Amino acid sequence: MEGYLVLEDGTSFSGELDGLDGCTGEVVFFTGMTGYQEVLTDPSYKGQIIVFTYPLIGNYGINGSDAESKQPQVRGVVVYEACDRFSHHQATESLREYLAKWDVPLLSHVDTRAVVQHIRAKGTLNARLTKQKDDIPAPRQLENYAAQVSGQNENGAFGEGNTHIALIDFGYKKSIASSLANRGCKVTVVPYQEMDGIAKLNPDGIVLSNGPGDPKAILPYMDALRGIISSYPTLGICLGHQLIALAFGSDTYKLPFGHRGANHPVMDKETGRVFMTSQNHSYVVDRDTISENEFSVRFHHVNDGSVEGLMHKTLPVLSVQFHPEAHPGPAESEWIFGEYLQKLNEARREIAHA
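Since the structure is predicted, the reported quantities are computational estimates derived from the model, not experimental observations.

Caption draft 1: Representation of the sheet that holds strand β2 (residues 12-18) within the structure. Strand order in the closed barrel formed by seven strands is β1-β2-β10-β7-β4-β3-β11, and the pairing between neighbours is mixed. Going from strand to strand, the sheet's axes swing by 35° on average, the running direction of each strand aside. One ladder, built from four bridges, connects strand β1 (residues 2-7) with strand β11 (residues 125-130); its direction is antiparallel. For Leu7, the partnering residue across the bridge sits in β11 and is Ala127.

Caption draft 2: View of the nonpolar core. Counting 30 residues, the largest nonpolar core has Ile168, Phe170, Ile198 and Leu225 as the members making the most contacts within it. Counting only elements with at least two residues in this core, the list comes to β13 (163-169), β15 (205-208), α7 (222-231), α8 (239-247), β19 (295-301) and β20 (307-312). At six residues, α8 tops the list of elements feeding residues into this core. Listed in part, the 25 residues of the second largest apolar core include Ala177, Val187, Phe337 and Leu344.

Caption draft 3: Quick look at the UniProt feature "binding site: L-glutamine" (unreviewed entry) in the chain. Here, UniProt's "binding site: L-glutamine" (unreviewed entry) annotation points to Ser44, Gly211, Gly213, Leu239, Gln242, Asn280 and Tyr283. Separation in sequence by 240 residues is not matched in space for these annotated residues, since their most distant C-alpha atoms are only 13.4 Å apart. Turning to its location among the elements, Asn280 is positioned in strand β18 (residues 274-285). Setting aside anything within four residues of it in sequence, one finds Asn280 in contact with Asp42, Ser44, Tyr45, Cys238, His259, Arg260 and His323. Relative to the assigned elements, Tyr283 resides in strand β18. Judged by its relative accessible area of 14%, Tyr283 is buried.

Caption draft 4: Highlighting the UniProt feature "active site" (unreviewed entry) in the chain. The UniProt entry lists Cys238, His323 and Glu325 under the feature "active site" (unreviewed entry), expressed in the numbering used here. With the annotated positions falling across 88 residues, the maximum pairwise C-alpha distance of 11.3 Å places them together in a single cluster. Note that Cys238 resides in the loop between β16 (234-237) and α8. Leaving out residues up to four positions away in the same chain, Cys238 has contacts with Asn210, Asn280, His281, Val320, Gln321, Phe322 and His323. Mapped onto the elements, Glu325 comes out in the loop between β21 (317-320) and α9 (335-353). For Glu325, a relative accessible area of 5% translates into the label buried. Separated by 2.7 Å, the side chains of Glu325 and Lys173 make a polar contact.

Caption draft 5: Inspection of the side chain of Thr252 at higher detail. Within the element layout of this structure, Thr252 appears in strand β17 (residues 252-268). Taking the relative accessible area as the measure of exposure, Thr252 reaches 5% and is therefore buried. Those residues within four positions of Thr252 in sequence are excluded, and the remaining contacts are Pro215, Lys216, Gln242, Leu246, Val284, Val285 and Asp286.

The rules behind each value
- Residues numbered from 1 in each chain as written.
- Predicted model: local features only at pLDDT ≥ 70, side-chain atom pairs only at ≥ 80, totals over all residues.
- Heavy atoms only, no water.
- Pairing = 2+ DSSP bridges.
- Helix = DSSP H or I, 4+ residues; strand = E, 2+ residues; numbered from the N terminus.
- Axes fitted to C-alpha atoms, helices over the stretch in contact; angles between N-to-C directions.
- Core = buried A, V, L, I, M, F, W, Y, C linked by side-chain atoms within 4.5 Å.
- Buried < 20%, exposed > 50% of the residue type's maximum accessible area, 1.4 Å probe, protein only.
- UniProt positions renumbered as here; feature names shortened; annotations may be inferred.
- Contact = heavy atoms within 4.5 Å.
- Polar contact = N/O pair within 3.5 Å; in protein donor to acceptor, adjacent residues only side chain to side chain.

Below is the structure:
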């Protein structure tokens, strides 16, 4: 059935609509050629309509192992072509079948290049997937999407290692817990609303997960976060990185259209090395508000110079804006987990010798 992606500024793009009529969300675009199942199930996309820029999505189907959460998190999906005849030995259903099962609307045969050009020119906008061309959505209101996804994934413990990590859940991806477990960690997931019980777990370290939305929606928890970060070796990922900055007095702001894709170049200022990263975020840390007495900027985005990671100058605290558990290539940034665990083990030895 004919449908439209209608933006809050009145611009519309036509296509063929499958599923619910009237879905509303912030429209964003993802530039990767693969990884669509991980994107659809990443809690960081909660409340958003995702436009895939690669023209053919769904060619290897949907399988039972690559989901980052139990269900799709996106509000809607926009593609040029949705491939129904998938080909992969692990695939169990098509993209269209998967989205229909979860009542996620799909708008196909859309000029996605034109959509992306408009977003890049005008900035991220609220949008609606609808059968009515004049059904214009209102501007987006601040909403705490992290509260909607925290605790939605599996809680409890993962792995059986000797290093105990408390993963504070703002909408964590399954692959973060798996990456830590694969490195000899026991991972206990703690919804961020229950972080006051962290001390009872007696963890060796803390990981602040990724998650959706504006980090300032979590401001009521800043005092508790600052106390936890100051007490344990800490790694912050994506939203977790932004929350570390906010907890220590820095500010954040929203990019015009965000970073979402598997080809974002990041430089490590310690080594001068540039590596490709997978990213999904609208907000970044304001470099001018970072306390030089406490933090140094460890990583920056090569294309726009934005802050991509911080190191505390005295505490074992490291943060990254990108997703080190993702694989835009073989395994470009997984070493971040190794560096964090090395800092954690050094801190444990210092405590043992004290």
